[in-house]
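This is what each chain is made of:
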Amino acid sequence: MERFVIEGPVTLSGSVRPSGSKNTALPLICAALLAPGKSVLRNVPRLRDTNTIVRLLETLGAECEFEGNTLHIDATDIPNREAPYDLVKTMRASIYVLGPLLGRFGDARVSEPGGCAWGPRPVDLHKMGMERLGAEIELDHGYIDAKAPGGRLKGGEVNFKIVSVGATINVLMGAVLAEGTTVLRNVAREPDVVFVVDGLKKMGAKIEGAGTHTITIEGVEGLEPMNMAVPPDRIEVGTFLAAAPITRGRVRVEDCIPEHQYALIELLRQGGLEIEQGDDWIEVDGASGMRSIEAITAPFPGFPTDLQAQIMAACTMADGVSTVTETIYLDRFTHVAELRRMGAKVRLDGNVAVVTGVERLQGAPVMATDLRASAALILAACGAEGTTHLSRIYHIDRGYEKIEDRMCALGAVITREQEPD
Ligand code: EPZ
């Protein structure tokens, strides 16, 4: 396995560009299954996760080929409609093939995803939504066995009891070819949903209401392949912006969508930081360090849970006592033990982390536990005194394309090496 060796403290300053959004690319790649023919997706990030979803589509029979960050998908023939356990267990987002396979073919067999480091992460809302569209679903030896009677889903009403990005997108993709009208209520309003709807509409789907609490879909008889660019990764953007207060640098993120960052910008302003923005860029001046803040994660447009670990890293060296409240997941605090090893003062009280700022963290051997926690530990290590060994960086490679290159361009001192035996 590989690890990062990170020297600190450094000041991260300069301009950086985000790659394409992982959490938009994954469902868009699966949406290509809805139409026979050749789809083209541009600005697809080259990650473990995008490689996994491409392998899954190829297992189903699609022909896929990357040309740099452009992905060509020919989904004309999809003879196999089973998503195998050995692929799904490595990435929960594989569940995104359920909607397209059910929508286009009326049948699908997808391994039930496992849990993750912060809890069970069920897919009951995905299954409930498909059932409201007429699907008959059974759990068969760990597989979700789904069939549409008569071979086609029927429009229906779906009221989500909680806001779910994945369930919203998956049921959407099932509904676009269903017979009749579907109304989805209490849906996710994340940009990922809005961009996936853009892609589906480019394929000929009839969808209204993306970005609001209710989405209406008029089922159509067939769809055309899509040709679309993946938008910039809003979580990467937030990760780079959080580097400014942690290392007291001035960081400018170009080619981004500032409207996606308002919740983070509000928190950084609460922490006393100077922020400027333009049509497609945001700049944070972290020279003065950050005062304490109160962060609470929430569905979009609230503060994203995927930036919770990163903002906590900023709180560890802020002036005063901050609170970070996680409302989306049961226990998304696996990064706390690692930050404590670096000298952070964090007390957990249920889903609230109380963080007392210290002058400076110390470099230490730490372990990546999940994708976003890993990014937070890189940032913390850049602001810490001394050397940090960050192990299990395969977590990082799942969701950030060549992160060390871009961090080093901002002034980080990171080398990737094999972990000693
Ligand atoms: C997406 O996961 C993202 N993943 C996650 O990012 C992100 O943390 C999450 O949305 C929340 O924003 C992708 O887009 C690939 P949810 P998803 O359904 O869709 C519960 C990353 O780092 N729930 O919005 O799985 C669930 O347990 C990843 O890129 C059910 O109870 O999240 C959670 O508590 C990590 N039943 C809440 O809803 C269900 O059927 C929100 O989860 C589905 C979800």
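Keep in mind the model is a prediction, meaning the values are calculated, not measured.

Rules behind the numbers
Residues numbered from 1 in each chain as written. Predicted model: local features only at pLDDT ≥ 70, side-chain atom pairs only at ≥ 80, totals over all residues. Heavy atoms only, no water. Helix = DSSP H or I, 4+ residues; strand = E, 2+ residues; numbered from the N terminus. Rg over C-alpha atoms; globule rule 2.2 N^0.38 Å. Buried < 20%, exposed > 50% of the residue type's maximum accessible area, 1.4 Å probe, protein only. Contact = heavy atoms within 4.5 Å. Lys, Arg positive; Asp, Glu negative; His and termini not counted. Salt bridge = Lys/Arg side-chain N within 4 Å of Asp/Glu carboxyl O. Polar contact = N/O pair within 3.5 Å; in protein donor to acceptor, adjacent residues only side chain to side chain. Near = heavy atom within 4 Å. Areas by Shrake-Rupley, 256 points an atom, 1.4 Å probe, with all protein chains shown as cover. Nonpolar A, V, L, I, M, F, W, Y, C, P; charged D, E, K, R; others polar. Pairing = 2+ DSSP bridges. Axes fitted to C-alpha atoms, helices over the stretch in contact; angles between N-to-C directions. Core = buried A, V, L, I, M, F, W, Y, C linked by side-chain atoms within 4.5 Å.

1. Observations regarding the overall build of the protein
Along the backbone of the protein there are 14 helices and 24 strands. Its C-alpha radius of gyration of 22 Å places the protein within 12% of the 22 Å reference for a compact globule of 421 residues. If one aligns the C-alpha atoms of the protein with their principal axes, the spans along those axes are about 65 × 45 × 40 Å. A buried classification covers 58% of the 421 residues belonging to the protein. Long-range contacts, defined as pairs at least 24 residues apart, comprise 72% of the intrachain contacts of the protein with a sequence gap of at least 6.

2. Observations regarding the side chain of Asp 370
By the secondary structure assignment, Asp 370 is in the loop between strand S22 (365–367) and helix H12 (371–383). Buried Asp 370, no salt bridge; nearest opposite-charge side chain is Arg 332, N-O distance 4.4 Å. Polar side-chain contacts of Asp 370 include one of 3.3 Å to the side chain of Thr 334. In contact with Asp 370, other than residues within four places in its own chain, are Trp 118, Arg 332, Thr 334 and His 395.

3. Details of the site of the ligand
With respect to spatial proximity, 23 residues lie near the ligand, and among them Asp 124, Leu 125, Ser 164, Asp 306 and Ile 328 are the closest. Side-chain polar atom of Asn 23 to an oxygen atom of the ligand: 3.0 Å apart, as the coordinates give it. Contact distances for the ligand include 2.7 Å between an oxygen atom and a backbone N or O atom of Leu 125. The protein chains hide 87% of the 820 Å² of surface that the ligand would expose on its own. Secondary structure elements with two or more residues in the shell around the ligand: helix H1 (22–31), helix H5 (124–132), helix H6 (165–175) and H12. No other element matches H5, which puts three residues into the shell around the ligand. Grouping the constituent residues of the shell around the ligand by class yields 11 nonpolar, five polar and seven charged.

4. Some words on the sheet that holds strand S2 (residues 14–16)
Read across the open sheet, the four strands follow the order S2-S15-S17-S16; overall the sheet is mixed. Unpaired on one side and paired on the other, S2 and strand S16 (274–277) mark the two borders of the sheet. Strand-to-strand twist in this sheet, taken as the mean axis angle between neighbours without regard to direction, amounts to 20°. Where S16 lies against strand S17 (residues 282–285), four bridges are found, and the strand directions are antiparallel. Paired with Gln 277 across the strands is Ile 282, a residue of S17. Where helix H8 (residues 234–247) meets the sheet, it contacts S2, strand S15 (250–253) and S17, and its direction lies at approximately 165° from that of S15.

5. A word on the environment of Leu 47
By the secondary structure assignment, Leu 47 is in the loop between strand S3 (38–42) and helix H2 (48–60). Sequence-distant contacts of Leu 47, that is, excluding residues within four places in its chain, are made with Lys 22, Asp 397, Arg 398, Gly 399, Tyr 400 and Glu 401.

6. Describing the pairing of strand S1 (residues 2–8)
The buried count for S1 comes to five of seven residues, which makes it a mostly enclosed element. Of the strand pairs in this sheet, S1 and strand S24 (residues 413–418) are connected by six bridges, and their pairing is antiparallel. In the strand pairing of S24, Phe 4 is matched with Arg 416. For S1 and strand S23 (residues 386–391), the ladder comprises five bridges, and the chain directions are antiparallel. Bridged to Val 5 within S23 is His 389.

7. Structural notes on helix H9 (residues 262–270)
Restricting attention to buried positions, one finds in H9 the residues Ala 263, Leu 264, Ile 265, Leu 267 and Leu 268. Of the surrounding elements, those touching the buried residues of H9 are H8, S16, S17, strand S18 (294–296) and helix H10 (308–315). Following H9 by one or two positions, Gly 272 has its phi on the positive side, about 85°.

8. Here we look at the nonpolar core
In terms of nonpolar packing, the biggest core is built from 77 residues, with Leu 57, Val 97 and Leu 200 touching the most fellow members. Setting aside chain neighbours within four positions, we find Val 97 in contact with Cys 30, Leu 33, Leu 56, Leu 57, Leu 60, Ala 83 and Val 110. Of all hydrophobic cores here, the second largest spans 71 residues; its members include Ala 242, Val 366, Leu 379 and Ala 380.

9. What to know about the pattern of salt bridges
For the structure on display, the rule yields 26 salt bridges. Note that Arg 152 is salt-bridged to Glu 221, the shortest N-O span being 3.2 Å. Placement of Arg 152 in the loop between strand S9 (143–147) and strand S10 (157–159) and of Glu 221 in the loop between strand S13 (214–218) and strand S14 (227–229) is noted, with a sequence separation of 69 residues between them. Overall, the relative accessible area of 68% leaves Glu 221 in the exposed class.

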